[in-house]
Amino acid sequence: NDKFHKVTESPSEDSIFELKLKGGLKASVTIYKPAYNMVRANPSYLEGCDKQVIGNTSVTIDREGEAEKDENGKWRLKSRPKVILK
């Protein structure tokens, strides 16, 4: 449904995505660098992304996504990140 389930101020060991704030209600969306190993091992973590899986040795962010905070305070994906696994 393009909503983020849990957004926190600080990342945890389970974090996959990183939101980079652009003001109070907008953010760019990318893959959290420490999660690259998890993503390479299991590309299903990239659910919600446009992805191309060619291999599993590198993660390339071809395009960051965009998110907006809705009237209920929930972050919603407006455009998907594009990720390439080579």
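Structure shown above.
For the structure given in this document, a descriptive report is provided here. It should be emphasised that the depicted structure is a prediction, and the values quoted were computed from it without experimental measurement.

Analysis parameters
- Residues numbered from 1 in each chain as written.
- Predicted model: local features only at pLDDT ≥ 70, side-chain atom pairs only at ≥ 80, totals over all residues.
- Heavy atoms only, no water.
- Helix = DSSP H or I, 4+ residues; strand = E, 2+ residues; numbered from the N terminus.
- Rg over C-alpha atoms; globule rule 2.2 N^0.38 Å.
- Buried < 20%, exposed > 50% of the residue type's maximum accessible area, 1.4 Å probe, protein only.
- Core = buried A, V, L, I, M, F, W, Y, C linked by side-chain atoms within 4.5 Å.
- Contact = heavy atoms within 4.5 Å.
- Salt bridge = Lys/Arg side-chain N within 4 Å of Asp/Glu carboxyl O.
- Polar contact = N/O pair within 3.5 Å; in protein donor to acceptor, adjacent residues only side chain to side chain.

Some points on the overall build of the chain
Part 1: Secondary structure summary: the chain contains one helix and seven strands in total.
Part 2: Counting from the amino terminus, the chain carries its helices and strands in the arrangement β-β-α-β-β-β-β-β.
Part 3: On C-alpha atoms alone, the chain measures out to a radius of gyration of 13 Å, which is about the 12 Å that the 2.2 N^0.38 rule sets for 86 residues.
Part 4: Considered along the principal axes of its C-alpha atoms, the chain spans approximately 40 × 25 × 20 Å.
Part 5: The buried share among the 86 residues of the chain stands at 28%.

Re the nonpolar core
Part 1: Judged by nonpolar contacts, Ile16, Ile31, Tyr32, Ala35, Tyr36, Val39, Leu46, Cys49, Val59, Val83 and Leu85 together constitute the single largest core of 11 residues.
Part 2: Of all the elements in the fold, those that place two or more residues in this core are helix 1 (36–41) and strand 7 (82–85).
Part 3: Residues contacting Leu46, with those up to four places away along its chain left out, are Ile31, Val39, Lys51, Val83 and Leu85.

Notes on the pattern of salt bridges
Part 1: Scanning the entire structure with this criterion turns up seven salt bridges.
Part 2: A salt bridge links Arg80 to Asp2; the shortest N-O distance between them is 3.6 Å. Remark: Asp2 occurs in the segment before strand 1 (17–21) and Arg80 occurs in the loop between strand 6 (75–79) and strand 7; sequence separation between them is 78 residues.
Part 3: The exposure class of Asp2 is partly exposed, given its relative accessible area of 34%.
Part 4: Here Lys26 makes a salt bridge to Glu68, at a shortest N to O gap of 3.4 Å. Taken together, the residues Lys26 in strand 2 (residues 26–31) and Glu68 in strand 5 (residues 65–69) connect sequence positions 42 residues apart.
Part 5: Take Lys26: its relative accessible area is 44%, and that puts it in the partly exposed class.
Part 6: In the salt-bridge network here, residues are joined through shared partners; they are Lys26, Glu68 and Lys78.

Overview of the side chain of Ser28
Part 1: Within the secondary structure, Ser28 is located in strand 2.
Part 2: Engagement of the side chain of Ser28 in a polar contact is seen with the side chain of Glu64, the distance being 3.3 Å.
Part 3: Not counting chain neighbours up to four residues away, the residues in contact with Ser28 comprise Glu18, Leu19, Lys20, Lys22, Glu64, Gly65 and Glu66.

Describing the environment of Ser58
Part 1: By secondary structure assignment, the location of Ser58 is in the loop between strand 3 (50–53) and strand 4 (59–63).
Part 2: In sequence terms Ser58 and Glu47 are 11 residues apart; their C-alpha atoms lie 18 Å from each other.
Part 3: For Ser58, the contacting residues outside a window of four places in its chain are Arg40, Ile84, Leu85 and Lys86.

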